[in-house]
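Commentary on secondary and tertiary structure
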Amino acid sequence: MGQRVTARVSPLVRLEETATALVVELTRAADDAAVNDVQEFQHFDDILFASNYLGTPPLGTGADGVRLIDTAGAGRVWVAGSATGGGLKLKPGETAASAVIFAPVDIDQVTALVPQTGFVTVSVIGRDQADAAGISSEVLAEADKALKDKSGPGEKAAVVDLERYTRAIDDSASTHTTDKDVTVTLASDVTFESDSYNLTDKADSQLQTVADQIAQYPDGGTLDIVGHTDDVADDAHNQKLSEDRAAAVKDRLGRLTDLASWEVTTTGKGESEPAVDDTTDEARAANRRVVITITPTGGTAAKQPGATGSAAPSSSNDGLPEAQGPAGKGPDGVTVNGPDSKGGQITITLDHATRSGGLLLGRLEITTGPGGTGGTWTLASWLDDNSGGVLSNVRGEPDGFTYAADGLTLLADGQRVYPADYVPASSKDHNHSILTERMLGEALAEGATTTVCVVWPDTGQDTLTLDHPKAEHAPAPAFRLTDIPVTDS
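Analysis parameters
- Numbering of residues begins from 1 in every chain and follows the order in which that chain's sequence is written.
- Thresholds applied to this predicted model are a pLDDT of at least 70 for local features of residues and 80 or more for the giving and counting of side-chain atom pairs; totals over whole chains, interfaces and linings are not thresholded and use all residues.
- With hydrogens and water set aside, each side-chain value is computed from the structure's full complement of heavy atoms.
- Secondary structure elements are defined from DSSP: runs of H or I of at least 4 residues count as helices, runs of E of at least 2 residues count as strands, and each element is numbered from the N terminus.
- Between buried and exposed lies partly exposed: a residue is buried under 20% and exposed over 50% of the maximum accessible area for its type, with that area taken using a 1.4 Å probe on protein chains only.
- Residue contacts follow a heavy-atom distance rule, with two residues in contact if any of their heavy atoms lie within 4.5 Å.
- Only the protein chains shown count as cover for residues, with accessible areas throughout obtained via the Shrake-Rupley method and a probe of 1.4 Å.
- Charge counting follows a simple rule: Lys and Arg are positive, Asp and Glu are negative, and His as well as the terminal groups are ignored.
- Each charge is placed at NZ for Lys, CZ for Arg, CG for Asp and CD for Glu.
- Here, expected helix span is obtained from the residue count minus one, scaled by 1.5 Å.
- Under this definition, polar contacts are N or O atom pairs within 3.5 Å; protein pairs additionally need one hydrogen-donor-capable and one acceptor-capable atom, and for neighbouring residues in sequence, both atoms have to be side-chain atoms.
- Should DSSP find at least two bridges between two strands, the strands are taken to pair.
- A fitted line through C-alpha atoms serves as each axis, taken over the contacting stretch for helices, and the angle formed by two N-to-C directions is quoted from 0 to 180°.
- Here a salt bridge means any side-chain nitrogen of Lys or Arg lying within 4 Å of a carboxyl oxygen belonging to Asp or Glu.
- The arc under discussion is defined with respect to the helix axis, by the directions toward the C-beta atoms.
- One number per residue, pLDDT, summarises how confident the predictor is, and it ranges from 0 to 100.
- Centres within 6.5 Å make a pair out of two Phe, Tyr or Trp rings, where for Trp the six-membered ring is used; the pair is then stacked when the planes are under 30 degrees apart, edge-to-face when over 60, and tilted otherwise.

With that settled, consider the overall build of the protein chain. Helices and strands together make up the secondary structure of the protein chain, namely eight helices and 29 strands. With the C-alpha coordinates aligned to their principal axes, the bounding extent of the protein chain is approximately 70 × 55 × 40 Å. Expressed as a percentage of its 489 residues, the buried residues of the protein chain come to 53%. The long-range fraction of contacts in the protein chain, counting pairs at least 24 apart against all pairs at least 6 apart in sequence, stands at 70%. A total of about 20500 Å² of accessible surface is found on the protein chain, and carbon and sulfur atoms cover 46% of it. With 37 positive and 73 negative side-chain charges, the protein chain shows a separation of 2 Å between the mean positions of the two kinds.

With 22 residues, helix α6 (residues 235-256) should reach 32 Å at 1.5 Å per residue; the first-to-last C-alpha distance of 32 Å fits that figure. Buried within α6 we find Asn-238, Leu-241, Ser-242, Asp-244, Arg-245, Ala-246, Ala-248, Val-249 and Leu-253. Turning to α6, the residues buried within the fold contact α4 (188-191), α5 (203-215), β15 (221-228), β16 (262-268) and β17 (289-296). N-cap assignment for α6: the residue whose side-chain oxygen lies 3.1 Å from the backbone N of Ala-236 is Asp-234.

The next point concerns the sheet that holds strand β2 (residues 19-28). Judged by pairing direction, the sheet is mixed, and its nine strands sit side by side in the order β6-β8-β2-β1-β10-β9-β4-β5-β11 without closing on themselves. One side of each edge strand has no neighbouring strand; the edge strands of this open sheet are β6 (82-83) and β11 (158-161). Both strand β1 (residues 5-16) and β2 contribute to a ladder of nine bridges, which runs antiparallel. Within β2, the position partnered with Leu-12 by the bridge is Leu-22. Running at roughly 45 degrees to strand β8 (residues 95-102), helix α3 (residues 137-150) makes contact with β1, β2, β6 and β8 of the sheet.

We now examine the environment of Gly-330. One can find Gly-330 in the loop between β18 (327-329) and β19 (334-337). For the pair Gly-330 and Asp-32, spaced 298 residues apart in sequence, the C-alpha separation works out to 28 Å. When neighbours within four sequence positions are excluded, Gly-330 is seen to be in contact with Thr-349, Leu-350, Asp-351, Leu-481, Thr-482 and Ile-484.

Where β1 folds back on β2, the antiparallel hairpin that results is connected by two residues. Here β1 runs beside strand β10 (residues 118-126); their pairing, made up of three bridges, is parallel. Paired with Val-13 across the two strands is Ile-125, which belongs to β10.

Attention now moves to the pattern of salt bridges. In this structure the tally under the stated criterion is 20 salt bridges. Across the pair Arg-8 and Glu-25 runs a salt bridge, and its minimum N-O distance is 3.0 Å. Remark: Glu-25 occurs in strand β2 and Arg-8 occurs in strand β1; sequence separation between them is 17 residues. In this structure, the salt-bridge partner of Lys-156 is Asp-64, at a minimum N-O distance of 3.5 Å. Pair noted here: Lys-156 is in the loop between α3 and β11 and Asp-64 is in the loop between α2 (51-54) and β4 (67-70), with a separation of 92 residues, a long-range link. Among the residues examined, Lys-156 registers a relative accessible area of 23% and is labelled partly exposed.

Right, let's talk about α3 for a bit. For an α-helix, the turn length of 3.6 residues means that residues three or four places apart are oriented alike. Under the 1.5 Å per step criterion, the end-to-end length of α3 is 20 Å for 14 residues, consistent within 8% with the ideal 20 Å. Regarding α3, the residues found buried are Val-139, Leu-140, Ala-143, Ala-146 and Leu-147. Seen end-on, α3 carries its buried residues on one side only, within an arc spanning 110 degrees. Residues of α3 that are exposed and point more than 90 degrees away from the buried face comprise Ser-137, Glu-138, Lys-145, Lys-148 and Asp-149. As for α3, its buried residues are in contact with β1, β2 and β8. Backbone geometry just downstream of α3 places Ser-151 in the positive-phi region, at approximately 55 degrees.

With that settled, the discussion passes to the confidence of the model for the protein chain. When pLDDT is averaged across the protein chain, the result is 89; 92% of the residues are at 70 or more. Scored below 50 in pLDDT, residues 308-317 makes 41 contacts in the model with residues more than four places away or belonging to other chains.

Our focus in this paragraph is the packing of aromatic side chains. Tallying each qualifying case throughout the model produces two aromatic pairs. Between Tyr-165 and Tyr-418, the aromatic rings sit 5.9 Å apart at their centres with planes inclined by 55 degrees, giving tilted as the arrangement. Taken together, the residues span a long stretch of sequence, with Tyr-165 in strand β12 (residues 164-168) and Tyr-418 in the loop between β24 (415-417) and β25 (421-422) at a distance of 253 residues. Taking 5.3 Å as the distance between ring centres and 80 degrees as the angle between the ring planes, the aromatic pair formed by Trp-377 and Trp-382 counts as edge-to-face. In this structure Trp-382 comes out as buried when scored by relative accessible area, which is 0%.

Below, the structure is given as structure tokens:
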């Protein structure tokens, strides 16, 4: 958050059969600017509490916000169970360390996302190699104590699968991809004529995206098509309409792609399973939908050679919608002004993204201009996404990414590709957490520079377009970065 700190990251150490630890050592520059000169609302006698930014929301311990990514394999992420180091308090010139404790790791190398710092790939080593690797025995002893106190790595620690979420730019469909299946939700107001199962002129374009997804899996599997309606008409009418709409989608998909190797079922749910339990016009529109679940034999990894698995991938940036705000090339950056009522200015630069496995790793540099982030605005206010509603994520889940950079999306073939996300093992409501910054809850003064890390599913493109749309439920400004080169890891 605008302070100058060097992070040294150790190899991942197998402490015991049930736990691993990554040591993050932080050193604040001796001539670093005072915290109160950089952050608008700090009053800690120039003490930087680094855990406020490297920890998990809302207030982390140590560097427990560090996550480990399996970029070479099936797309997995390890979430820390606990960490040592407390608040990681740093005065200028001081050093503090945190042992971040994870569950076991079954590969030889992992990529660590260190919040507001960057990505680093490290080896996984045995405990007997820790001393030769220069890892402090005192810090490992603190990790041992934390393991003993918690009887293991901690309840949050787990390895979970990364998921992908995309939306059509015109909001006519959304796609959710896990390791097992692909779920496409079609907006019936685009697919069908009003109160009818007759397909509209726009339906083929919408359904072609689904057909392209199906064609990626030549071995077939199961295809489940479910129609839903709103609650305007009576139950019997809505039930019949939902069944007819599901059947119409099946018939048209059969003309767009070969379904011979797929076991297809169609079902109608009428108004019985609303997506949004409300009677507003907006809620009823969301409830009028057809949900298509594609479950390939062997899971979503069993794709056609060269297919990335993201929604409608290609190397093309043609047909992009007009930018809603200022635009600039990624390496050159774009300068964005805040709304008149708040003021502020930031410049965002993304020199390149790195392709690693099925993921794209981005490290943005953000510098504040006159007015900083704008009065009471936090940095997150410029980068978040409120399309799911106030204090909710794009999936509509409550309090998903309150201080996160979840609005940094990529545009690819009519799709808006959101950062990769996952369901933490500790999430009782199965809400998703995002693989980007989650602790950007500070207002910054003019001249502050910080780093924002973000991971996207691979779109298959050689150059990227990053787009931050205008938020529907907040005044966050829109901006776009184009011509971002992709390099191989």
